[in-house]
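Chain residues, written in single-letter form:
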Amino acid sequence: MKRAAILCALAIACSKKPTPPTTTTTVASAEPVAPGGAAIGARPKIDAAEIAVPPGKSELHVAWSVPSGTAINDEAPFAVRWTGSDGLATTPTDIRGVGKEVQSGFDVPLDVMPGSAGAQLTGDIDLVVCDTVTHSVCVPIKRRVELTFAVGAKGAPKGTVTLPLPSAKP
């Protein structure tokens, strides 16, 4: 009985017309969404505490807080792409280079619009950190940074903000 059922199934399968092969390409959504509405793969955000800056032109030094046993990869690409600003006369120029050029951070020129009491600068940072013990783990870091500025006479002409980076320990 089983043999007859198998032969019948094969006869039905063989009697179907062959279909031409198809090529399927899967394209990921630009921003897939997890249950609850949070974007999957969204860049983790770093919000710096409000930074005091003087009116007009000044400069901000962005430094890193790197955990023990982790370092910025000297040869890997580094980039900051400024995606928005508010209260600044111009958005700073994007920065590109390699890790050895930004071991101690990077400088951002600021030009606060006259009469502005505050400003904001938003950008995306891409860099690579590696473990310094075994040199076997390297982690690409992609972060969205939001810098908020309080404009006033107490701001230094060259301020500093420190951004935390994650560990790359194995």
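Quantities reported herein were computed from a predicted structural model and do not represent experimental measurements.

*Asks:* Sorry, what's going on with the overall build of the protein chain here?
*Replies:* Within the protein chain, the secondary structure is distributed over one helix and ten strands. Along its sequence from the N terminus, the protein chain presents helices and strands in the succession α-β-β-β-β-β-β-β-β-β-β. Among the 170 residues that make up the protein chain, the fraction classed as buried is 32%. Contacts spanning at least 24 positions in sequence make up 76% of the contacts within the protein chain whose residues lie at least 6 apart. If you sum the accessible surface of the protein chain, you get close to 10800 Å²; carbon and sulfur atoms cover 58% of it.

*Asks:* Can you walk me through the pairing of strand β3 (residues 57–65) in this structure?
*Replies:* Looking down a regular strand, the side chains alternate between one sheet face and the other. Sheet topology places β3 next to strand β7 (residues 106–111); six bridges connect them, and they run antiparallel. Looking at the pairing, V62 lines up with F106 of β7. The sheet contact formed by β3 and strand β10 (residues 158–164) spans seven bridges and is parallel. Looking at the pairing, W64 lines up with L163 of β10.

*Asks:* Explain unusual backbone geometry here, please?
*Replies:* Residues apart from glycine generally show negative phi values, whereas peptide bonds are mostly found in trans. The phi angle at H135 is positive, at roughly 55°, despite the residue not being glycine. Secondary-structure assignment places H135 in the loop between β8 (118–131) and β9 (138–151).

*Asks:* Please clarify how the pairing of strand β5 (residues 77–86) should be interpreted in this entry.
*Replies:* Of the pairings in the sheet, the one linking β5 to strand β6 (residues 95–98) comprises four bridges and is antiparallel in character. Residue pairing for β6: F78 is matched across the bridge by G97. Where β5 and β8 come together, seven bridges link them in antiparallel fashion. Looking at β8, one finds that W82 is bridged to G123.

*Asks:* Sorry, what's going on with the sheet that holds β7 here?
*Replies:* Working definition: the strands of a sheet are paired by backbone hydrogen bonds and lie parallel or antiparallel to each other. Strand order in this open sheet of three strands is β7-β3-β10, and the pairing throughout is mixed. Lying at the two open borders of the sheet, with one neighbouring strand each, are β7 and β10. Averaged over all adjacent pairs, the angle separating strand axes in this sheet is 30°, with direction ignored.

*Asks:* I'm lost on the state of the cysteines in this one. Help?
*Replies:* By definition, a disulfide is the covalent link that joins the sulfur atoms of two cysteine residues. In this structure the tally under the stated criterion is one disulfide. In this model, C130 is linked to C138 through a disulfide, with the two sulfur atoms separated by 2.0 Å. With the S-S dihedral at roughly 105°, the linkage between C130 and C138 falls on the right-handed side.

*Asks:* Help me understand the pattern of salt bridges, please; the structure alone is not making it clear to me.
*Replies:* Side-chain pairs of opposite charge can arise whenever the charged atoms involved come near each other. The final tally for this structure, using the stated rule, is five salt bridges. With a shortest N-O distance of 3.6 Å, D124 and R81 are connected by a salt bridge. Of this pair, D124 sits in strand β8 while R81 sits in strand β5; the two residues are 43 residues apart in sequence, bridging distant segments of the chain. Its relative accessible area of 6% is what places D124 among the buried residues. A relative accessible area of 44% means that R81 is categorised as partly exposed. Of the charged contacts in the structure, one is a salt bridge between D124 and R144, with a shortest N-O distance of 3.0 Å. Within this pair, whereas D124 is found in strand β8, its partner R144 is found in strand β9, the two being separated by 20 residues in sequence. By relative accessible area, R144 is classed as partly exposed at 26%. Through salt bridges that share partners, E59, D107 and K158 make up one connected network.

About the cut-offs
- Each chain has its residues counted from 1, running along the sequence as written.
- Residues qualify for local features only when their pLDDT is at least 70, as the model is predicted, and side-chain atom pairs are given and counted only at 80 or more; totals for whole chains, interfaces and linings, by contrast, use all residues.
- By convention in this description, side-chain values take in all heavy atoms of the structure and omit both hydrogens and water.
- Going along the chain from the N terminus, every DSSP run of H or I of four or more residues is numbered as a helix, and every run of E of two or more is numbered as a strand.
- Only protein chains enter the calculation, and the probe is 1.4 Å; a residue is then buried if its accessible area is under 20% of its type maximum, exposed if over 50%, and partly exposed in between.
- Two residues qualify as a contact provided that any one of their heavy atoms is within 4.5 Å of a heavy atom in the partner residue.
- Shrake-Rupley sampling with a 1.4 Å probe provides the accessible areas, and residues are treated as covered by the protein chains on show and by no other component.
- We call two strands paired when DSSP finds no fewer than two bridges between them.
- Axis definition: a line fitted to C-alpha atoms, over the contacting stretch in the case of helices. Angles run 0 to 180 degrees between N-to-C directions.
- Pairs of cysteine sulfur atoms within 2.5 Å are identified as disulfides in what follows.
- The working definition used for a salt bridge is a side-chain nitrogen of Lys or Arg within 4 Å of a carboxyl oxygen of Asp or Glu.

Any link to function would need more than the numbers given here.
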